[in-house]
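Take a look at the letters that make up each chain.
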Amino acid sequence: MKLDTLKKLYLEELRDLYSAETQLVKALPKMAKGASSAELKQAFESHLEQTKEHVERLDEIFARLDEKTTGKICKAMKGLIEEGSEMLAQEGDESVIDAGLIGAAQRVEHYEIAAYRTVRTFANLLGEDEAVELLQQTLDEEGETDKALSQLAEGIVNEEALTQDEEEKDVATVGSRRR
Ligand code: FE
Ligand code: FE
């Protein structure tokens, strides 16, 4: 497609996001399954439900424009998910792996935030007010997820991972949770 209008670029980037979100719908259950902390599992599961809504919002935007959602694969998300899979395949301490999963998930959120900011700006410039609203709702949820993941990392996982570093040989503490 010849990108000779902002509208075309807007559609191109929306399709990229559509691909990103649908890839995530498939990846998040694996992240939830692979997480050891109950809170982290829960965080992935609830973000899965949100992510399904993100797909629906994009569907709605495409439907209003009478355009197809397909035609693009988000390679960046493919790579980010691959990195998450690498972390899932790692052997090691549960809490350290959880910290790695949070890191992978936050990379995903930051990518989405950057992409949604761009399309929201384009929608604004194009006078697509309803789309601006829908994109902003998703953007807010991505931001909240990022914050929640930071809190999980600080409050539970990182602290525990650090402690275990000092007590490497104390096998009894491995995988257990402390506050
Ligand atoms: Fe999303
Ligand atoms: Fe997200």
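Scope of this entry: the structure provided in the associated data block. None of the values given here were measured: they were computed from a predicted structure.

## Let's talk about the coordination of the iron ion (ligand 2)
By definition of the ideal shapes, four donors in a tetrahedron about a metal sit 109.5 degrees apart, and six donors in an octahedron sit 90 or 180 degrees apart.
Now for step 1: Listed as protein donors to the iron ion (ligand 2) are H47 (NE2), E109 (OE), E109 (OE), E112 (OE) and E142 (OE); their distances from the metal cover 2.0 to 2.6 Å.
Now for step 2: Mapping the donors of the iron ion (ligand 2) onto the primary sequence yields the spacing H-x61-E-x2-E-x29-E.
Now for step 3: Between the iron ion (ligand 2) and the iron ion (ligand 1), both coordinated by E112, there is a metal-metal distance of 3.3 Å. Separated by 30 residues along the polypeptide, E112 in helix α4 (residues 94-125) and E142 in helix α5 (residues 129-166) bring together distant segments of the chain. As far as the burial class goes, E112 and E142 line up, both buried.

## A few points about the coordination of the iron ion (ligand 1)
Now for step 1: Around the iron ion (ligand 1), the donor atoms from the protein are E21 (OE), E21 (OE), H54 (ND1), E112 (OE) and E142 (OE), and they sit 2.0 to 2.5 Å away.
Now for step 2: What makes E142 buried here is its relative accessible area of 0%.

## Some details on the nonpolar core
Now for step 1: Judged by nonpolar contacts, the single largest core of 23 residues is most densely connected at L40, F44, M77 and L101.
Now for step 2: Among residues more than four places away in sequence, those in contact with F44 are L28, M31, A32, A35, L101, A105 and L149.
Now for step 3: Residues L11, L14, Y116 and V132 belong to the second largest nonpolar core, which totals 21 residues.

## A few points about the packing of aromatic side chains
For any pair of aromatic rings, the description rests on two quantities: the centre-to-centre distance and the angle between the ring planes.
Now for step 1: Evaluation of the coordinates by the stated rule reveals 1 aromatic pair.
Now for step 2: The interplanar angle of 85° and the centroid separation of 6.1 Å between the aromatic rings of Y18 and F62 together place this pair among those described as edge-to-face. Of the two residues, Y18 is situated in helix α1 (residues 6-34) and F62 in helix α2 (residues 38-65); the sequence distance between them amounts to 44 residues.
Now for step 3: Here F62 falls in the buried class, since its relative accessible area comes to 1%.

Scoring rules and cut-offs
- Residues numbered from 1 in each chain as written.
- Chains lettered and ligands numbered in written order.
- Predicted model: local features only at pLDDT ≥ 70, side-chain atom pairs only at ≥ 80, totals over all residues.
- Heavy atoms only, no water.
- Donors = N, O, S within 2.8 Å, 3.2 Å for Na, K, Ca; no water.
- Helix = DSSP H or I, 4+ residues; strand = E, 2+ residues; numbered from the N terminus.
- Buried < 20%, exposed > 50% of the residue type's maximum accessible area, 1.4 Å probe, protein only.
- Core = buried A, V, L, I, M, F, W, Y, C linked by side-chain atoms within 4.5 Å.
- Contact = heavy atoms within 4.5 Å.
- Phe/Tyr/Trp six-rings, centres within 6.5 Å; stacked < 30°, edge-to-face > 60°.

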